[in-house]
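Chain by chain, the residues:
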Amino acid sequence: MDIKPFVDALRQDLTNAAEAGGEATRAAAERLAMALEPAVRLALMEALSQAAADITAELGGPVVDVRLQGREPVFVVSGAAVASPIVENGEEEGDDAVTRITLRLPETLKVRAEELAGQRGQSLNTWLVNAARAAAGGSAPIGPGAPGRNRSSKRIQGWAR
């Protein structure tokens, strides 16, 4: 992330504000802005680090870090699974458009669903999608822990890396 535009904008704002005091004040503001640049960069880095920590806390799995590459901060995400969906017939599920929704569940139901998803080695999202498919009469995985089903099958369904 290039923070130079932010540092430059702050320097310009300080210089513009100092122009009301005359040439000597403007020159002093320019010198002060140059001296403050390292402190401004550090303050921005701390703000970005705090934002990354807050995002990490909300994600509950992947970790977002801020690292310096030269003089510029770079966001690094680690622990995030990169996966592609695979359905029963072996084709990728890329044909359907994916829509994001907000689902509110009672805490006890969410905990139970997470346990069932974990038993299948799935994310909660994948497990919920399969439960919705099964409820809608679409194709859903069959096997132990599958939503709404308790029989086994030789079909393979899930996420592959």
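Structure first, text after, so check above.
Note that the structure is predicted; figures quoted are calculated from it, not measured. (Residues numbered from 1 in each chain as written. Predicted model: local features only at pLDDT ≥ 70, side-chain atom pairs only at ≥ 80, totals over all residues. Heavy atoms only, no water.)

Mapped onto the elements of the fold, Gln122 is located in the loop between helix H3 (107–119) and helix H4 (124–135). Of the polar contacts made by the side chain of Gln122, one reaches the side chain of Arg120; its length is 3.2 Å. Residues contacting Gln122, with those up to four places away along its chain left out, are Ala117, Trp127 and Asn130. (Helix = DSSP H or I, 4+ residues; strand = E, 2+ residues; numbered from the N terminus. Polar contact = N/O pair within 3.5 Å; in protein donor to acceptor, adjacent residues only side chain to side chain. Contact = heavy atoms within 4.5 Å.)

Examined bridge by bridge, strand E1 (residues 63–69) and strand E2 (residues 72–78) share seven bridges and lie antiparallel to one another. Looking at E2, one finds that Val63 is bridged to Ser78. In this antiparallel pair of consecutive strands, E1 and E2, the connection spans two residues, and Gly70 shows a positive phi of 70°. (Pairing = 2+ DSSP bridges.)

Mapped onto the elements of the fold, Arg26 is located in helix H2 (residues 23–59). Judged by its relative accessible area of 18%, Arg26 falls in the buried class. (Buried < 20%, exposed > 50% of the residue type's maximum accessible area, 1.4 Å probe, protein only.)

If you walk through the whole model with that rule in mind, you get eleven salt bridges. We note a salt bridge from Glu72 to Arg41, for which the minimum N-O separation is 3.5 Å. One end of the pair, Glu72, is in strand E2; the other, Arg41, is in helix H2, with 31 residues separating them in the sequence. Owing to a relative accessible area of 11%, Arg41 belongs among the buried residues under this scheme. Its salt-bridge partner being Lys110, residue Glu114 comes within 2.7 Å of it at the nearest N-O pair. Of this pair, Glu114 and Lys110 are both found in helix H3, four residues apart, which corresponds to roughly one turn of the helix. According to the relative accessible area criterion, Lys110 is partly exposed, its value standing at 29%. Overlapping salt bridges, with partners in common, bring together Lys4, Asp8, Arg11, Glu37, Arg41, Arg71 and Glu72 in one network. (Salt bridge = Lys/Arg side-chain N within 4 Å of Asp/Glu carboxyl O.)

Read these as layout, nothing more, since geometry by itself doesn't imply function.
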